[in-house]
Structure formats: C-alpha cells, structure tokens
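Single-letter residue listing:
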Amino acid sequence: MASFSLNLQRRVELSLIATGKFDGSHACLTAATSGGNIIVHSPHRSSEELFGNSQSVGRLSWSGEIAELHIGQQVTALCIGRLEEDEREFLLVGTHTHILAYQIEDNADLFYKEMRDGVHHITTERLGWIKQQVIIVGGNCSVTVMDHEGNELYWTIASGIVKVIIAFDFDGDAQNELLIGTEDSEIKAQKETLVMWQVKETSPVSALLTLPGRKFAYAVANGTVGVYENGTRIWRGKSKHKITSMKTFDINGDGVLELITGWTNGKVDARICSTGEIIFRIQLNSAIAGIVEADYRRTGRADLVIVSENGEVRGYLSGTTMDISEPGELYRHLLTKKEALEVEIRQRQVSTPSLFMGTKLAVNLTSTRGAVRLALASGPGLVIFCAIVFAEEIFEGETFVAHPRKPTGELEIELRPPKDGPIDIHMKTFVGSPGSDLLQVYELMQQLPSFCMYEIINPADAKIEDLKDTGVKFETGDRPQRIALWLNRSLAISEELEIDVDGPNAGRLDLCLRGLRDNKLHFLSVNASGRVNMLTTDPTFAGDVVQSLANYLGIVELSSEANFPAEEKRMVEILEKVKELKEIEVKLQTEAAGVTNVLKALMIRLEDSRILDDAKGMRKRITQLQNVGENFMRENEIRDNNYKELTSALKELNSGVQNASRIRVGSAATNAINRCRAAIKDENPKALIQAIRNG
C-alpha cells in the first residue's frame, strides 16, 4: 500500500521531475508542465502562507500549496542544486537556448545564461579534476561544466545530442569521471578529454544511474534496460514500452538498494541490481513522469515518490512488499512451465541415436560479397532445421529466423552491422536427423569483430594512387607483429595475417581494405619500427582505427599527422555558414525586439481607447494588432528555421572536432579539441585547418 497519495491537478512532462529543500528543511516537489511553466508543490507551508496573501512579484507566484514559475519557453531539463555554504537548495531549469538558476525561497534569479548548444540535461555533481561542486550541462554535441555563478569551467564535445550525464567513478580511483549518454546510442566514460571507455547501444540512451559497487544502470529508447559493471554488461532486459525514469531505493527494507524503473505504460518495477530479477511492481493509470526520493511526510525517513503524467503522486516507504502481477502473467508463466515439462517427457520417452549425441556444430565468419557471412554446418548424418540469430542493431526487431524449406547440412546467414564496433550475436540452431521430430538445440554466442564490414583485397586490384597522401600517420612504438594480432582480432578473415621475417617485405605489413557498406578503399602500411601510415578519405574510420588500436596496445599518449582535404573544406564551409547564420540571428532578434515594442505601444493605445469608449479607435488598434501579429508570426517562423539550421551546422562542426580528436590519444586529443574550439570561437579557418592536421 502507498504511504500517501495526492494529485497535483496538472499534467506534467515526462522525465522532468525533481525534489529539493528550497528552505533548507522541507522537501518540495517540482515538475515541468506544458507551456513553459514549472510547478512547485510544498505540503508543509504554514497556515499563514496558505491562507494569507502570498502572491509574489517575481517569476514565482504561490496559490495555496502550489506555486508556478513562469519560464516562457519549453522546458527541456530540470535539476536541483545546492551550494556548499548554503543549506538551501536551488532550482536549475534548461530550455533550448538558456539555463536558469533560481532560488525559490528568495523568488530571485541566481543567474540566467545563454547556452548556444541548448540544454538537454542538467545535473549537479563533483568531478575528480574540479575541486568544487559544479553544474554539468549536456547540449547539442557538447558538455559544459559551470560553477554556481554560471561561469564556464570546462567544455568538451560529444558525438551527438547529450541526453543524460552522471558523475561516476569508472576506474575506481575514488574520483568521479563523466559518464555521458547521447542520442546516437553511445555511452562514454570520460576524464577531462581522455575517453576511458565507450560502447554503442542499439538506440538513443535515455537514462543513466549510478549503482553500488562501480555498477551503473542504463536505459535506451527502444525499451531496453541493463546494468554494466567495470565496463562489462552483466544483464539486460527489454520491453515494448519505454523507460522514463530510474532511481535506486531499498523498497523491501533488506538494506540493499534496488533499481526502480518507471515506464510509459504506467508501470513501476523494482529489480535486484545484480540480476535484474523483478521483486516489486505497481501499476498507475498513466505514464510515469518521474521517480524521486524525499522525506515528503517529515518522518525522518525518505519515501519513494512516484509522479505520473496526469499529476498523480504516490509515496512508498522502505519495507513495502507489494507485488501486483500484470493481467495474464501468472497464466503465461504456468503455460511456459507446462510446455517445458512436456518436452522433457518426450525426450525421456524417445530413444536417441548415439550418433546424434556426439555431433557438433561448426561456425565460421567471413567478410565477402558485401556482407559478413555466418556459416553453420552440422555433423555427419544430420541437418539443420532452423537457426535463430539474436543481434543488436543488425536485424529489425533484433532477431532473425532462418528456416530453410528443406533441412540442410549447411546454412549461411548474411549480417550487415550498420556501425563499426564489436557486437555479440546469440544463436540457437536446431539440428537433427532427416525426418526426426526430436531436435537438438545448440546455443552459441559469437562476437563480431569491430571491423568485420571490411574485406581484404589485392592492392593491385585497387587504385591506391587515388588516395594520394590523404589519411593519418602516427608512431605506435610497438612491433608490427602485435599490430597484426590486433588486425586478426578486428577483421573477419579466414586466414590469420603474419609478418614476413625474410624477403623484401620483412618486418612490414601492407594491407588494403574495402568497406562493404560504401566500397571505400583504405590502405594500411606498418613498418618495422611500428610507424603506421593509413591512407583513407574517411576521418571517422581513421578515428575508429586509432582508438581501437590504442586500446589494444595500451597506448595512453598518441599524436598524429592528418590530411583530409575534403573534411577540411567541409569544416571551413560550415564555419562560414555558422558565421552567416549568427549574423542573421542577431538581425532577426533586433527586428523582433522592435516588433515587440510596437505591439506594446498598440496594446496601450487599445486600452486607452477602451477607457475612453472610443469604439472606432478600438477597431483601428485591433486591426493594427492583427496585422503586426501576423507579420510577427511569419518572422518567428523564419527565426525558428534559422535556429534549426544553426543548430544543425553547430552539430556538424562539433562532429568534425570530435573526428580531429579521435585520431589522437591523451593530451594530443585534448590539444586538438582546445585548438579547434579556439579557432571556431575566433572564426579563423586557417587555424582550424592547422588544428585538424597537427592537433
């Protein structure tokens, strides 16, 4: 049973819920509503405040237990912060263009700052390389760290729109690093500008949460939830619904925190963090807007507070043992158990040939004919009836069933991973003798290599001279044999690469690759001293190779020389476009300010005409207001389109800066980001080109 329940009588936005003690002692609930407003619910206001004249003259206006904070723009992020020297907490609100820090108790702004990359997520944490408590803002391909006055302390780029950020001790050194989840499905652990770990998920990352024991939970937009420990995923689950909020709370009172998740279908469940087993479940009437922890009843113990989209609020105390099954869940569970027992009875009754028990399934991976070929072969006298392959991102729905019309001894399945990077594939293969109704199921797991969508071709068959000097050069300081071992792990090849010890190519490795997605050519040359010369026109591929190789060889510092003429030209063109769009934006803002003044003047004249009972004058002012309003709406649409173009251009610019940093490691990557950023800020195309080339 819920320990308390109430209704805010408002519809609230999903994932925009927070709780804070704005006076230093009483917990208040805050939520974003449509129309650019924030509501604050304080159930502990005194009777004088409740029934007296508590209307404020600032942004915030109270009406009983609920106050409304008028923002005027769509709210995109919400967070509660606290200064170390002040027990009172303050509210942080993000929009597409600004961030507002607001002190609720004083009804006053702490700061109001323009954010060029927008605000998609806000959190207040402590990072290992910054002494003080900071505000961390995720924007359009960027992460900004600020102090409590809005001064920028740190800035770095990201691969896409930053949907969520948490501070997390990834390497166990008792100092927090940044854990970033982006819209392009990437989760990345980063210390300053050093990327310590990263992984690609199957959908945009929607939530991250720190768990005890160097674990963290994640949720993505396709309904997947899971837990990583030390960079290794220990479990995952999937639903057709989406997660809107995650929180840790000891719901059963056993002293161990559980993972609480809220879903778009109104379901809230609690899972054991180490296994994902569900131990608690409730159902609300609308989507879960947010889950927070707060001492809302002032009992000295925090409750789990759940807020739904329609404004319903429920609180649950630690020790709750409620478990409500979904309709039909128990029936489905018993039916599955019955089917499993029937299969076991059949297996015990049927005599199994000795040949059937001794068979094995052969599996092979090769990259050829435009795809990765997964080849399955059964043992002598047996055939493959069916194969089920589960792989993230590769198949629509993540599962593919290969069911030949006639059972065969060999089966080939095409795999086309959309991105570079290791992908785990799980296979269930049904094997048996021809005509048999009893099949043996082989469950296997195989990992696709990071660069399986590239095949080795003969350099004589490729026009390598077209690449000229385009690409990257760098020193690994390692033996070419180790680079060959890395290639054997990273490519799907039938025969392993070896370094010649005699002859004209002794101690060298020359390799020509062709991308199976785009047919682009890439040439890799390694000399005896470990110097790598990679000829390619694709800076993204070059960055992936450098990061993968550096991770395999344990390289923490790596500088490089890059030459990508097409990329340099593209970056300069985007820089010029950004400059033009900014000038247009300033002009449009000036015009909008002028139109606003005209509207205000017309409203005053309309009011004067109303007071003087001047009907003719009122009709005239209303007509003028309509004309000016229509023009203002058209200009506003132009401003919106210009802003979208500017945002898109900035994203491309930031992506180019990331490519420049990924072909380097350590301080060289940091320097590349800083120099590129300085060149962009100064609108200096020559400096930008030099930063891309030399870092």
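Cut-off values and rules
Residues numbered from 1 in each chain as written. Predicted model: local features only at pLDDT ≥ 70, side-chain atom pairs only at ≥ 80, totals over all residues. Heavy atoms only, no water. Helix = DSSP H or I, 4+ residues; strand = E, 2+ residues; numbered from the N terminus. Buried < 20%, exposed > 50% of the residue type's maximum accessible area, 1.4 Å probe, protein only. Contact = heavy atoms within 4.5 Å. Areas by Shrake-Rupley, 256 points an atom, 1.4 Å probe, with all protein chains shown as cover. Lys, Arg positive; Asp, Glu negative; His and termini not counted. Charge placed at Lys NZ, Arg CZ, Asp CG, Glu CD. Axes fitted to C-alpha atoms, helices over the stretch in contact; angles between N-to-C directions. Parallel < 35°, antiparallel > 145°, perpendicular 65-115°, else oblique. Nonpolar A, V, L, I, M, F, W, Y, C, P; charged D, E, K, R; others polar. Pairing = 2+ DSSP bridges. pLDDT = per-residue confidence, 0-100. Core = buried A, V, L, I, M, F, W, Y, C linked by side-chain atoms within 4.5 Å. Phe/Tyr/Trp six-rings, centres within 6.5 Å; stacked < 30°, edge-to-face > 60°. Patch = residues over 30% accessible without salt bridge, like charges linked within 9 Å, V, L, I, M, F, W, Y side chains within 5 Å. Salt bridge = Lys/Arg side-chain N within 4 Å of Asp/Glu carboxyl O. Left-handed = near helix turned anticlockwise from the far one by under 90°.

A.B. asks: When you look at the overall build of the protein chain in this model, what are you seeing that I'm missing?
C.D. replies: Scanning the protein chain for helices and strands turns up nine helices and 41 strands. Seen along its three principal axes, the alpha-carbon backbone of the protein chain occupies a region of about 100 × 70 × 55 Å. A buried classification covers 48% of the 695 residues belonging to the protein chain. The contacts of the protein chain with a sequence gap of at least 6 include a subset with a gap of at least 24, amounting to 54%. In the structure as shown, the protein chain presents an accessible area of about 33900 Å², 49% of it carried by carbon and sulfur atoms. Computing the positive centroid from 78 side-chain charges and the negative centroid from 95, the protein chain places the two 3 Å apart.

A.B. asks: Would you mind going over the packing of helix H8 (residues 667-682) against helix H9 (residues 685-694) with me for this structure?
C.D. replies: Angle between the axes and distance between the axes: these two values describe a pair of packed helices. Look at H8 against H9: their axes get within 8 Å of each other, and the N-to-C directions meet at 170°. Our classification of the angle between H8 and H9 gives roughly antiparallel. Residues Arg675, Cys676, Ala679 and Ile680 of H8 touch H9, and the partners they reach there are Ala687, Leu688, Gln690, Ala691, Ile692 and Asn694. Partitioning the contact of H8 with H9 into residue classes produces seven nonpolar, two polar and one charged.

A.B. asks: Would you take a moment to explain the pairing of strand S8 (residues 89-94) for this structure?
C.D. replies: Burial analysis of S8 places five of its six residues in the buried class, the great majority of the element. Sheet topology note: the strand S7 (residues 77-82)/S8 ladder contains six bridges and is antiparallel. Of the residues in S8, the one forming a bridge with Arg82 is Glu89. In this sheet, strand S9 (residues 98-103) lies alongside S8 in antiparallel orientation, the contact comprising four bridges. Following the sheet pairing, Val93 is matched in S9 by Leu100. Hairpin connection between S8 and S9: a loop of three residues separates the two successive antiparallel strands.

A.B. asks: Is there a simple way to explain the confidence of the model for the protein chain in this structure?
C.D. replies: Detailed reading of the predicted coordinates is not advisable wherever pLDDT falls low. Chain-level statistics for the protein chain give a pLDDT mean of 86 and a share of 94% at 70 or above. The low-confidence segment residues 50-56 (pLDDT under 50) makes twelve contacts with residues lying over four places distant or belonging to another chain. pLDDT under 50 marks residues 351-357. Its contacts with residues more than four places away, or in other chains, come to ten contacts.

A.B. asks: Mind showing me how you'd approach the nonpolar core here?
C.D. replies: Among soluble globular proteins, nonpolar side chains are generally buried collectively. With 31 residues, the main nonpolar core has Val472, Phe474, Leu487 and Met534 as its most contacted residues. Among the secondary structure elements, those contributing two or more residues to this core are strand S37 (471-475), helix H4 (480-490), strand S38 (509-515), strand S39 (521-526), strand S40 (531-535) and helix H5 (539-553). Here this core takes seven residues from H5, the largest share from any one element. Excluding its chain neighbours within four sequence positions, the residues that come into contact with Leu487 are Leu497, Leu509, Leu511 and Leu524.

A.B. asks: I keep staring at H4 and nothing clicks. Help me out?
C.D. replies: Owing to its 3.6 residues per turn, the α-helix aligns residues three or four sequence positions apart on the same side. Within the sequence span of H4, burial applies to Pro480, Ile483, Ala484, Trp486, Leu487, Asn488 and Ser490. Among the structural elements, S38, S39, S40 and H5 are those in contact with the buried residues of H4.

A.B. asks: I would appreciate a short explanation of the packing of aromatic side chains in the present structure.
C.D. replies: How two aromatic rings sit relative to each other is set out by the distance from centre to centre and by the angle between their planes. Going through the model one piece at a time under the given rule, you end up with 15 aromatic pairs. With 5.3 Å between their ring centres and 25° between their planes, Phe170 and Trp197 make a pair best called stacked. Here Phe170, found in the loop between strand S14 (152-168) and strand S15 (177-182), pairs with Trp197, found in strand S17 (residues 194-200); they are 27 residues apart in sequence, far enough to count as distant. Neither Phe170 nor Trp197 differs from the other in exposure class; each is buried.

A.B. asks: Mind showing me how you'd approach a positive patch on the surface here?
C.D. replies: On the surface, Arg605, Lys616, Arg619 and Lys620 cluster together into a positively charged patch. Looking at the positive patch element by element, the count peaks at three residues for helix H7 (residues 615-662). Of note, Arg619 is situated in helix H7. On the basis of relative accessibility, which here comes to 56%, the residue Arg619 falls in the exposed class.

A.B. asks: Can you walk me through a negative patch on the surface in this structure?
C.D. replies: Taken together, the side chains of Glu576, Glu580, Glu583, Asp682 and Glu683 define an acidic patch exposed on the protein surface. In terms of residue count, helix H6 (residues 565-611) provides more of the negative patch than any other element does, three residues in total. Here Glu683 lies in the loop between H8 and H9.

A.B. asks: Can you walk me through the pairing of S40 in this structure?
C.D. replies: Consecutive side chains along a regular strand alternate between the two faces of the sheet. Strand direction decides the pairing type here: S37 and S40, joined by five bridges, are antiparallel. Each bridged residue has a counterpart across the sheet, and for Gly471 the counterpart in S40 is Leu535. Alignment of S39 against S40, held across four bridges, turns out to be antiparallel. Paired with Ser525 across the bridge in S40 is Asn533. Between S39 and S40, which follow one another and run antiparallel, lie four residues, and Gly530 among them has a positive phi close to 90°.

A.B. asks: Where do I start with the pattern of salt bridges in this structure?
C.D. replies: Should their charged atoms come close, side chains of opposite charge can pair. Scanning all chains against the criterion turns up 30 salt bridges. The partner of Lys267 in a salt bridge is Asp269, and the shortest N-O contact between them spans 3.9 Å. Just as Lys267 is buried, Asp269 falls in that class too. Ionic pairing is found between Glu652 and Arg570, a salt bridge with its closest N-O pair at 3.5 Å. With a gap of 82 residues between them, Glu652 in helix H7 and Arg570 in helix H6 connect regions that are remote in the sequence. Relative accessible area serves as the criterion here: at 29%, Arg570 is assigned to the partly exposed category. One network of salt bridges, in which partners are shared, links Arg369, Arg373, Glu412, Glu414 and Arg416.

A.B. asks: Please clarify how the packing of H7 against H8 should be interpreted in this entry.
C.D. replies: Contact pair H7 / H8: the axes reach a minimum separation of 8 Å and the direction vectors enclose 150°. Put simply, H7 runs roughly antiparallel to H8. Helix-helix and strand crossings are classified by hand; for H7 and H8 the assignment is right-handed. Residues Leu653, Val657, Ala660 and Ser661 of H7 pack against Ala669, Ala672, Ile673, Cys676 and Ile680 of H8. Split by residue class, the contact of H7 with H8 holds eight nonpolar, one polar and no charged.

A.B. asks: Explain the sheet that holds strand S1 (residues 4-7) here, please?
C.D. replies: The pairing of strands in a sheet happens through backbone hydrogen bonds and is either parallel or antiparallel. Strand order in the open sheet formed by four strands is S1-S28-S27-S26, with antiparallel pairing between adjacent strands. Each end of this open sheet is capped by a strand with a single partner; those strands are S1 and strand S26 (288-294). Within the sheet, the average angular offset between the axes of one strand and its neighbour, ignoring direction, is 15°. Pairing of strand S27 (residues 303-308) with strand S28 (residues 312-316) involves four bridges; the strand directions are antiparallel. Within the sheet, the bridge partner assigned to Leu304 lies in S28 and is Tyr316.

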